[in-house]
Amino acid sequence: MQDTAMLQDEILRLKDRKNAIILAHNYQRPEIQDIADITGDSLELARAAAAMDGEVIVFCGVDFMAETAAILSPEKTVLLPAQDACCPMAGMISAAELRFARTRHPDAAVVCYVNTTADVKAESDICCTSANAVSVINAVRENAVIFVPDRNLGQYATRFTKKTILPWEGFCLVHDRFSVSDVAIAKQAHPDAAVLVHPECRPDVIDLADHVASTSGIVRYVKSGPGNEFIIGTEIGIMHRLAKECPGKRYFPLSEKAVCVNMKKTTLVHVRDALVTFHPVITVPEEIAARARSSIERMLVL
Ligand code: 13P
Ligand code: SF4
């Protein structure tokens, strides 16, 4: 096992030499977050990928995030250090299934969560993330919205819109597992702690939350909101950022089992090797990328 600090130094030197930037999602391992130029939620990372200088983006996250970066910055080399890091929810809908759903609801707009393949984004009218799903849904002209693939996020949005939402039946394996009894147990152990959850959680869990937000939204709430103790209802990788950026407060995971195995696939060795070999590169065929780009850019201008 190579020393963590040595590997981090090597990566930072390689990064400068190769004019690369490192983007890391909030669920990445602590040692990866610590060497990233930006650690953030899907929306912040998509914006960063579109705006950043540099020739190479090392995307420490899962495949749809690297694909989004490749779509927005086709002139850059986008590396996904752990080639098999995927989001199972993104695999819960295909482009063909979405085309069929459109034929069933021809008057509905299609809003796709960013946790989708490029093919599905290409078939959608507009993309959204957990940070902006409600405003995106409210911004489309149509009164009905086919929302894919996360049923829980789609259901959550119904609380803030008059539009008819037709949610797909996808879900996140990590967030969908949080239960009402997890909240009861955590609250019993920490009665003064506020419950903060991600909108990928089930509706009955969301009903019990004090605040619902994207991963970075949770960090912002802890930084600026009331209280000193928080029960965190999302993947446990976020705990590192919370402890680092708000060290005076106390955090308790809603469940210790909330681990996204795909987000944890990326190691420092993968990052170093990706920078040495420029592999694995993520590319999206331009015919698909052009249509997917429109749906992502419509979101980014909102
Ligand atoms: P955020 O966009 O809130 O970071 O969420 C991404 C994700 O995959 C949640 O499971
Ligand atoms: Fe996908 Fe859930 Fe992992 Fe996020 S936490 S990448 S939605 S499986």
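Summary of the structure given here. (Residues numbered from 1 in each chain as written. Chains lettered and ligands numbered in written order. Predicted model: local features only at pLDDT ≥ 70, side-chain atom pairs only at ≥ 80, totals over all residues. Heavy atoms only, no water.)

Points about the site of ligand 2
Item 1. Neighbouring ligand 2 are Tyr27, Cys87, Pro88, Met89, Asn115, Cys172, Glu200, Cys260 and Met263.
Item 2. Per-class residue counts for the shell around ligand 2 are 7 nonpolar, 1 polar and 1 charged. (Near = heavy atom within 4 Å. Nonpolar A, V, L, I, M, F, W, Y, C, P; charged D, E, K, R; others polar.)

Concerning helix 1 (residues 4-17)
Item 1. Between its first and last C-alpha, helix 1 extends 20 Å over 14 residues, near the 20 Å set by a 1.5 Å rise per residue.
Item 2. Along helix 1, the positions that sit buried rather than exposed are Leu7, Gln8, Ile11, Leu14 and Lys15. With its buried residues spanning 130° around the axis, helix 1 presents them on a single face. The exposed set on the far side of helix 1, more than 90 degrees from its buried face, consists of Met6, Arg13, Asp16 and Arg17.
Item 3. Each element contacted by the buried residues of helix 1 is listed here: strand 1 (20-25), helix 2 (30-33) and helix 13 (268-277).
Item 4. Downstream of helix 1 by a residue or two, Asn19 has a phi angle that is positive, lying close to 55°. (Helix = DSSP H or I, 4+ residues; strand = E, 2+ residues; numbered from the N terminus. Expected span 1.5 Å × (residues − 1). Buried < 20%, exposed > 50% of the residue type's maximum accessible area, 1.4 Å probe, protein only. Arc of directions from axis to C-beta. Contact = heavy atoms within 4.5 Å.)

Points about the environment of Lys18
Item 1. Mapped onto the secondary structure, Lys18 falls in the loop between helix 1 and strand 1.
Item 2. Put simply, Lys18 and Arg104 are 86 residues apart on the chain and 49 Å apart in space, counted from C-alpha to C-alpha.
Item 3. With residues near it in sequence (within four places) discarded, Lys18 still touches Val56, Leu275, Val276 and Phe278.
Item 4. Polar contacts involving the side chain of Lys18 include one to the main-chain carbonyl oxygen of Leu275, which spans 3.0 Å. (Polar contact = N/O pair within 3.5 Å; in protein donor to acceptor, adjacent residues only side chain to side chain.)

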